[in-house]
Amino acid sequence: MSRINVEIFLGIIIVLLTGGMILAYGINEQARMEEYKVAQAASAIENGAAIFDNNCKGCHGVQGEGVAGLCPPLNDRFFFTERMKEVGWTGTLEDYIISTVAGGRLVSTRPEQYPGGGKPAMPSWSEQFGGPLRNDQIRDLAAFIMNWESTAPDRETEPSLAGPPVGTDITQELPPGDAANGEALATSKGCAGCHVTTNNGPAWAASAGQPGIGDRAATRIEQDDYNGAATSAEQYLLESIVSTNAYVVPGFAIQMPANFGQSLTAQETADLIAYMLTIK
Amino acid sequence: MLKSLNFQDLRKKAGSAIDHRVRIITAGMGLDELRAVVRGDPPTEKPNPRYKVHTTSFLFHIRPRYYEKGSTILSHTFRLGFFTAFFFFLELFTGLILMVYYTPSPGAAYQSILELESNVFFGQLMRDMHRLGAEAMVIFTALHMLRTYLTGSYKKDRSFTWLTGVILLGITLGLSFSGYLLPWDQLAYWAVTIGTSMAEAAPIFGEQVNLLLRGAPDIGAGGLLRFYLGHVVLFPLLAVLVISIHYYKVSREHGISLPAKYEEGNVSAEVKKNAKSRLDFIPDLLSHEVFLTTLGLLAVVAGIVALGYSAPLESHANPQQTPLDTKAPWYFWWLQGMLKLGDKSVMGIILPTILVLVLLAVPYIDRNPHRSLFKRPWAVSIGILSVILLIVLSYMGLPTYGIEMPAATRIIQDVAPEEGPGPLYEVPFDQLQPGVYAVSENPPDELCPQIDFGCPVFTEVFHGYNDDVIHASTAEGLEPYQQLPNAEAVMVVEDWQNDLRKVTMRITWDDVESGESTTYEKHVFIHRNSGGE
Amino acid sequence: MTDKPDQLAEKRLPINRREFLNLAWLASLGFLTLDIAGVGYLFAMPIFKEGEFGGVVNVGTVSDLPPAGSPPANYPKVKVWLSNTDQGAVALYKVCTHLGCLYNWNNQEGKFICPCHGSQFTAEGEYIQGPAPRSLDKFAISAVNPQTGEVLAGPTPGPLPLDGLPSDALIQIDTGDKTQGAPKS
């Protein structure tokens, strides 16, 4: 076959291949676009998580649990089921989040419970209103917060205590603690959000260069810079939970809720301390 | 009367009427001539009706009527000029298509690209084709220039054509660079910031040039719009103008050059005559060009559909944060390499300008009348040296060269880069088991013995991290910034939210100079569905 | 004119390889062109997201609807008048079928009156009088289960009967699916 005929023959194959590939790609297009949207939604949550970590956790808590007497919890069933009705918002919850984040809050809607940062209660975050965040960042942040919807626990409704609160006297005698129950409490009371492996509050787990909290508690009170009142490892741990301002570990700012003395019973506190002491 | 209606007669009359119409449309080729073209037969009439098309049709007029046989030898041109033009037209076409969905405003550009890729049929294919075509166009332009240089096809009559060619190289790079900014992601924003900052380094007029290019001291809405208009209006118009001049001279004035040996070599008169004999454009060369076009299209489509080429998209442009490992587009790595060598005015503006001027003047500097490779030792050596120099400078332009990133930063950036794909992002979500994983001399072979399927990918990524830290901690002969004496490191994985995990990497070491304990920590959030980036 | 009989005789030349290949090539190029044309068409056709005009819109639950016989509900963003008539709910396109103005509901007279040229329509969208050529256009309306998305009734342009539907069923209007009104008799 002459060169030109070979070329034409190859040309036919090439054209059919090209058309075939485009067709095959086209058949898959719908699925590809759906997958892309899913991946985009996931990226939005990732970006939102980073933004929340850099901007919001100081007032709203690392895991969105809120800070008592300061800012309301977002990772909370009340927020996802009742909040919009409470304020009379007629749009979607996502729009509510975006609107609040973008425009801020001049005055708190629940000033006795959550006064926020004073004047204004919550700053405006959108670039349009002088804040640091772009519109796409605020949307990503909303996606992150909305991702709590499926697992948000009941926080706002205070669970009734099983006994009298432990109070803030660190010299009191505590009943024997059950470390296994303490481990469960560490999750249900929200400690795990900052402490167990996270390094927002000092991490309880052993990590680079230092042992777990079980061993650290005893050595901590021997340190020169320790200015609290505890005289034993158990007292130190009790002090850390109920009297948060007594001593702050260097390198960490005060973000810990200050009212655990009112929201934990003596038994629950003892269980927690027993658990912490097992983390060496 | 009816009886005298001859059926044959009617057929004759109908046939000649159709033939007449066809001749009008094809400017002189009747049905039989068309069939002869398709059959590969010689022309059926004299004078050759196929030539007339070249006079009456605009599109055929700008093409040559015939080529000299020697100039069509594949190994002489490799059809590089043809493919450069092909890719230009591909870019025009795909570019016009993309304009349907793109918005050139900082608040909307990135979102319009996401919309294009997620909510438009074939949107991602069009974008990938446009990006791949652009890179191919730069490559082919450079190769075409190299070929023309080596075959000495810039001498004598062709000097001005070479000049327009260098201008086209500049326009091609301008098109590529201006288009680079449009997605408005971190990759685009910072690459173009670096590039236009060089304009600021221009002597005397630097600041004015910078303001003209960007519309503001830094790149914002004004810059994006100016770059968009440059990319979509100014450069394409210039390109069409200069391509027309360039191609007109090739097609009408001096033709494609013959290989040098036919002009100056020791070949017999008969071979020379054969090389100069004419090859009509219609039908064989036209057929050949259609073939090459389809081949080019197949290459682009296959590159995307079969080989997985994909136009990158990093996160939204953030003018307040430059990501680590920011780099220029690959065709400017040589420039980035030069910038690492010295003063930015000299390296960024003056030397490149001199380079361009030298390129433009090559036909006028080169006094050697010969075209054959063997008779131009200086020209060929300088050419080869320049290519080598370009490659070396390009290597120096890479972000890993010449930038002393502290070891801890480098190690963590390698595992989980700020932008783009990375080993940690490739780990299947279920293998990212929550826990604290400490770096040690002998890390476990399986990080997740508690689950049946184990976590092999995660283990491998951790081992990479582990080995890097140990290497920086113990290896001999490292630079101070590469050392991590007494290093201790962890990788911590935590469940953070539904289908979201947080991975923290923390390295503690003794500072080389002061001996103080220093810590570097970075965390990333990884969602189950977010793919590899 | 050249010799016709010779040309006719020439036409009988059998098809040679080159000709066959060229014709096959042209056919395959034609296929590729159609392919690319299809790509271009699909690319250029806009895809509407939920909630946008042109896509599917949720207008609330069955209990949110105005009671049967009361004035219709207005959804300006998606250009819909939602009428709850005796036969059921109907989603009327707000654009008058005459020349494109948005018509209004006149409560006193109990009908739609267009301010531009005076066309009048009943609450169900039937033509009463005026220069409009036909009754009002309707969008496909359906009721879905809000949790599962399962379609409980419809989609239909005609009135959607509401009896038997749970009060929390979501009413959806597909503004991409429009049925023209019946021509005036």
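Now for a look at the structure at hand. The shown structure was predicted, so the numbers you read here are calculated from the model rather than taken from an experiment. (Residues numbered from 1 in each chain as written. Chains lettered and ligands numbered in written order. Predicted model: local features only at pLDDT ≥ 70, side-chain atom pairs only at ≥ 80, totals over all residues. Heavy atoms only, no water.)

### Some remarks on the overall build of chain A
Piece 1. Scanning chain A from N- to C-terminus turns up 12 helices and zero strands.
Piece 2. What you see in chain A, going N to C, is helices and strands ordered as α-α-α-α-α-α-α-α-α-α-α-α.
Piece 3. In chain A, which comprises 280 residues, the proportion classed as buried is 46%.
Piece 4. With the model as given, the accessible surface of chain A reaches about 13,600 Å², and the carbon-plus-sulfur share is 57%. (Helix = DSSP H or I, 4+ residues; strand = E, 2+ residues; numbered from the N terminus. Buried < 20%, exposed > 50% of the residue type's maximum accessible area, 1.4 Å probe, protein only. Areas by Shrake-Rupley, 256 points an atom, 1.4 Å probe, with all protein chains shown as cover.)

### Quick look at the interface of chain B and chain A
Piece 1. With 47 residues of chain B at the interface, the matching set in chain A holds 48 residues.
Piece 2. One can count zero salt bridges joining chain B with chain A.
Piece 3. In this assembly, chain B and chain A are joined by 17 residue pairs in polar contact (both at pLDDT 80 or more).
Piece 4. The set of elements that each furnish at least two residues to the side of chain B that touches chain A consists of helix H7 (109–119), helix H8 (123–150), helix H15 (281–305), strand S4 (488–497), strand S5 (500–510) and strand S6 (517–527) of chain B.
Piece 5. Of the residues forming the side of chain B that touches chain A, the biggest block, 11 residues, is contributed by H15(B).
Piece 6. Taken together, the residues that form the side of chain B that touches chain A break down as 22 nonpolar, 17 polar and eight charged. (Contact = heavy atoms within 4.5 Å. Salt bridge = Lys/Arg side-chain N within 4 Å of Asp/Glu carboxyl O. Polar contact = N/O pair within 3.5 Å; in protein donor to acceptor, adjacent residues only side chain to side chain. Nonpolar A, V, L, I, M, F, W, Y, C, P; charged D, E, K, R; others polar.)

### Observations regarding the nonpolar core
Piece 1. The biggest cluster of nonpolar side chains holds 45 residues, and the ones touching the most others in it are B:Phe87, B:Phe122, B:Met129, B:Val300 and C:Phe43.
Piece 2. Looking at this core, the elements that each hand over two or more residues are helix H1 (3–27) of chain A, helix H6 (80–99), H8, helix H9 (159–181), helix H12 (221–254) and H15 of chain B together with helix H2 (17–44) of chain C.
Piece 3. In this view, B:Met129 contacts B:Leu90, B:Glu91, B:Thr94, B:Leu297, B:Val300 and B:Ile304; residues no more than four positions away in its chain are not counted. (Core = buried A, V, L, I, M, F, W, Y, C linked by side-chain atoms within 4.5 Å.)

### Details of the sheet that holds strand S7 (residues 120–121) of chain C
Residue and element names in this part refer to chain C.
Piece 1. Spatial ordering of the open sheet is given by S5-S6-S7-S8, a layout of four strands whose pairing is antiparallel. Two strands lie at the open edges of the sheet, namely strand S5 (104–106) and strand S8 (127–129), each paired on one side alone.
Piece 2. In this structure, strand S6 (residues 111–113) lies alongside S7, joined through two bridges in antiparallel fashion. Among the inter-strand pairings, Phe-112 is bridged to a residue of S7, identified as Phe-121. (Pairing = 2+ DSSP bridges.)

### Thoughts on the packing of aromatic side chains
Piece 1. One pass over the structure, following the stated rule, counts 37 aromatic pairs over all chains.
Piece 2. Ring centres of B:Phe86 and B:Phe87 lie 5.1 Å apart, and the angle between their planes is 70°; this geometry places the pair in the edge-to-face category. Taken as a pair, B:Phe86 and B:Phe87 share a single burial class, namely buried.
Piece 3. An aromatic cluster is built from C:Trp81, C:Tyr103, C:Trp105, C:Phe112, C:Phe121 and C:Tyr127, whose rings are joined through pairwise contacts.
Piece 4. For the cation-ring pair, B:Lys502 lies above B:Trp496, with the distance from its terminal atom to the ring centre recorded as 4.6 Å.
Piece 5. The residue whose ring lies beneath C:Lys94 is C:Trp81, and the NZ or CZ to ring-centre distance is 5.4 Å. (Phe/Tyr/Trp six-rings, centres within 6.5 Å; stacked < 30°, edge-to-face > 60°. Lys NZ or Arg CZ within 6 Å of the ring centre and 35° of its normal.)

### Here's the deal with a nonpolar patch on the surface
Piece 1. Residues A:Met1, A:Val6, A:Phe9, A:Leu10, A:Ile13 and A:Leu17 make up a contiguous nonpolar surface patch of about 520 Å² in total accessible area.
Piece 2. Assignment of secondary structure puts A:Met1 in the segment before H1. (Patch = residues over 30% accessible without salt bridge, like charges linked within 9 Å, V, L, I, M, F, W, Y side chains within 5 Å.)

### Here's the deal with the interface of chain C and chain A
Piece 1. Across the contact, 13 residues belong to chain C and 16 residues belong to chain A.
Piece 2. For the pair chain C and chain A, the summed buried surface comes to about 1,200 Å²; carbon and sulfur atoms form 77% of the total.
Piece 3. Of all residues in chain C, C:Arg18, C:Leu21 and C:Trp25 give up the largest surface area on contact with chain A, accounting jointly for 40% of the area buried on that side.
Piece 4. At the junction of chain C with chain A, the criterion picks out zero salt bridges.
Piece 5. Linking chain C with chain A are two residue pairs in polar contact (both at pLDDT 80 or more), by the criterion used here. (Buried area = accessible area lost by both parts, 1.4 Å probe.)

### Some thoughts on the sheet that holds S6(B)
Piece 1. Read across the sheet, four strands follow the order S3-S4-S5-S6 (chain B) without closing on themselves; strand pairing throughout is antiparallel. The two strands at the open ends of the sheet, each matched to only one other strand, are strand S3 (435–438) and S6 of chain B. Sheet twist, expressed as the average angle between the axes of neighbouring strands with direction ignored, equals 15°.
Piece 2. Of the pairings in the sheet, the one linking S5(B) to S6(B) comprises 11 bridges and is antiparallel in character. Bridged to B:Ile507 within S6(B) is B:Tyr520.
Piece 3. The strands touched by helix H2 (residues 29–55) of chain A within the sheet are S4, S5 and S6 of chain B, with S6(B) carrying the most contacts at an inclination of about 145°.
Piece 4. The strands that helix H21 (residues 456–474) of chain B touches are S3, S4 and S5 of chain B; relative to S4(B), the one it contacts most, it runs at about 145°. (Axes fitted to C-alpha atoms, helices over the stretch in contact; angles between N-to-C directions.)

### Considerations on helix H11 (residues 206–214) of chain B
An α-helical segment advances 3.6 residues per turn. Residues three or four places apart therefore align on the same side.
All names here are of chain B.
Piece 1. Among the residues of H11, those classed as buried are Gly-206, Asn-210 and Arg-214. One side of H11 carries all its buried residues, which in axial view fall inside an arc of 45°.
Piece 2. The secondary structure elements touched by the buried residues of H11 are helix H10 (186–200) and H12.
Piece 3. Taken from the residues just after H11, Gly-215 is the one with a positive phi, measuring 70°. (Arc of directions from axis to C-beta.)

### Side note on the state of the cysteines
Piece 1. Evaluation of the coordinates by the stated rule reveals two disulfides over all chains.
Piece 2. With a sulfur-sulfur separation of 1.9 Å, B:Cys448 is cross-linked through a disulfide to B:Cys455. Across the disulfide from B:Cys448 to B:Cys455, rotation about the S-S bond amounts to roughly 90°, and the bridge is consequently right-handed.
Piece 3. Judged by its relative accessible area of 0%, B:Cys448 is buried.
Piece 4. One disulfide bridge connects C:Cys101 with C:Cys116, the sulfur atoms lying 2.0 Å from each other. Between C:Cys101 and C:Cys116, the S-S dihedral sits near -95°, and the bridge is therefore left-handed. One end of the pair, C:Cys101, is in the loop between strand S4 (88–93) and S5; the other, C:Cys116, is in the loop between S6 and S7, and 15 residues separate them in sequence. (Disulfide = S-S within 2.5 Å.)

### Some points on unusual backbone geometry
Residues and elements named next belong to chain B.
Piece 1. Cis rather than trans, the peptide bond between Lys-46 and Pro-47 has omega equal to -5°.
Piece 2. Counting through the fold element by element, Pro-47 comes out in the loop between helix H2 (31–39) and helix H3 (49–56).
Piece 3. The omega torsion of the bond from Ile-282 to Pro-283 falls at 5°, within 30 degrees of zero and hence cis.
Piece 4. With respect to the helices and strands, the residue Pro-283 is situated in helix H15.
Piece 5. Phi at Phe-122 is positive, roughly 65°, even though this residue is not glycine.
Piece 6. Assignment of secondary structure puts Phe-122 in the loop between H7 and H8.
Piece 7. A residue is classified by how much of its surface remains accessible, and Phe-122, at 4% relative accessible area, is buried.

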